[in-house]
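Survey of secondary and tertiary structure
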Amino acid sequence: MNTHVIAVGNQKGGVGKTTNTVHIARALAERGHKCLIIDLDMNHGATRHFGVEPEAFLGSFEMLAGEEPAENLILSHADKEEGVILPENLDLIPAARKLEGIDQAVMAKSKFMTPHEVLKKPLDSLRGKYDFIFLDTAPNATLPTLAAYMNADYFVLSAMPDPFAIAGLNDAMRDIMDARSRGNTKLVLLGVVISGVDKRTSLANALSEFVENSFRAGENAESVKFKSSIGRSTVIPQTQKVGRTLFETHSTHKVTDEYRALAAEIEARLAKIHAGSVAIEEQRGVVNG
Ligand SMILES: Nc1ncnc2c1ncn2[C@@H]1O[C@H](COP(=O)(O)OP(=O)(O)O)[C@@H](O)[C@H]1O
Ligand SMILES: [Mg+2]
């Protein structure tokens, strides 16, 4: 099994990273792919999204600190433990608040541990067991976030229409380039997802146009903006409140279908990349803005 490790990020908070991670993975799971989400945020949004009590289980802290093998930390559909109701094909390594102390915990083991090293071994042990491993990152440059940048194969950028979205995307793109030049040379920007879109607002249209035109490899190349964007809807906070995904609570909703379309697009884009028809090298010059 060829495992795609996808980091979902943007150093801005509240731009849909967690919601997108959870729903893209859930949509891919529905398409029969075996998926794992590793929650790397001390605010444990992805963990809560699945109704999992963050302090009840060992998770990404123990994984990054090297205290437990990653396989021992996986929660899955098959688990009958209390509070765990994960969808089929979708596993989770949860996060807990103690992740805020991970830098010190790792430093205590070795002052010379790099962000690459802390996640490399756990990911290597999981490669081959999943079609997709998603890394949900925190909106700050802490060790788990840096580790995600330094180990991912692909990056999905999350953006929401707001006055600072464009500046945020440029910063995020710089981080991706930096991770590449610092050693993760394989890192590919798979695409930009725009979510929380209200088509009636000019802000959404301006962001969409900017991403469409600025994030492309060459003048005639395809934009890395995903064609499927995700609309703004109150069903999202509703489903998060009950610790489920839209696929469980609103299976036929428009936004659920938008995530289905996005997952199909991701599948197609990966197939194209593997067929060699997308010039990855060209992505180095992808941002003009
Ligand atoms: N499509 C959407 N429509 C409405 N609200 C959304 C949508 N996507 C996310 N949200 C809300 O926006 C907030 C931030 O989303 P979240 O995924 O937690 O962002 P991040 O992980 O980047 O901090 C959450 O309260 C979430 O419920
Ligand atoms: Mg989040």
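Summary of the structure given here.

Cut-off values and rules
Residues numbered from 1 in each chain as written. Chains lettered and ligands numbered in written order. Predicted model: local features only at pLDDT ≥ 70, side-chain atom pairs only at ≥ 80, totals over all residues. Heavy atoms only, no water. Buried < 20%, exposed > 50% of the residue type's maximum accessible area, 1.4 Å probe, protein only. Helix = DSSP H or I, 4+ residues; strand = E, 2+ residues; numbered from the N terminus. Pairing = 2+ DSSP bridges. Contact = heavy atoms within 4.5 Å. Axes fitted to C-alpha atoms, helices over the stretch in contact; angles between N-to-C directions. Expected span 1.5 Å × (residues − 1). Near = heavy atom within 4 Å. Polar contact = N/O pair within 3.5 Å; in protein donor to acceptor, adjacent residues only side chain to side chain. Areas by Shrake-Rupley, 256 points an atom, 1.4 Å probe, with all protein chains shown as cover. Nonpolar A, V, L, I, M, F, W, Y, C, P; charged D, E, K, R; others polar.

A few words on helix 6 (residues 143–151). Most of helix 6 sits out of view: eight of its nine residues are buried. Buried within helix 6 are the following residues: L143, P144, T145, A147, A148, Y149, M150 and N151.

Taken in spatial order, the seven strands of this open sheet run 3-2-4-1-5-6-7, and their pairing is parallel. The sheet is open, and its two borders are formed by strand 3 (90–93) and strand 7 (230–231), each paired with just one other strand. Inspection of the sheet shows strand 6 (residues 188–197) paired to strand 7 by two bridges, in the parallel sense. Paired with V197 across the bridge in strand 7 is G231. Strand contacts of helix 5 (residues 115–126): strand 1 (4–9), strand 2 (35–39), strand 3 and strand 4 (132–136), with the helix running at about 150° to strand 4, the strand carrying the most contacts.

Relative to the 30 Å expected for 21 residues at 1.5 Å per residue, helix 11 (residues 254–274) spans 30 Å between its end C-alpha atoms, a close match to the ideal helical length. Of the residues making up helix 11, those classed as buried are V255, T256, E258, Y259, L262, A263, E265, I266, R269, L270 and I273. Positive backbone phi, at 85°, marks G276, one or two positions downstream of helix 11.

Our next topic: the site of ligand 1. Around ligand 1, 15 residues are found, and the nearest of them are G14, T18, T19, G231 and Q240. With respect to ligand 1, the backbone of T18 contributes an N or O atom lying 2.9 Å from an oxygen atom. One of the side-chain N or O atoms of Q240 is found 2.5 Å from an oxygen atom in ligand 1. Protein contact buries 77% of the 550 Å² of open area that ligand 1 shows by itself. Elements that contribute at least two residues to the shell around ligand 1 include exactly helix 1 (17–30), strand 7 and helix 9 (235–241). Tallying contributions element by element places helix 1 first for the shell around ligand 1, with three residues. A breakdown of the residues in the shell around ligand 1 according to their chemical character gives four nonpolar, nine polar and two charged.

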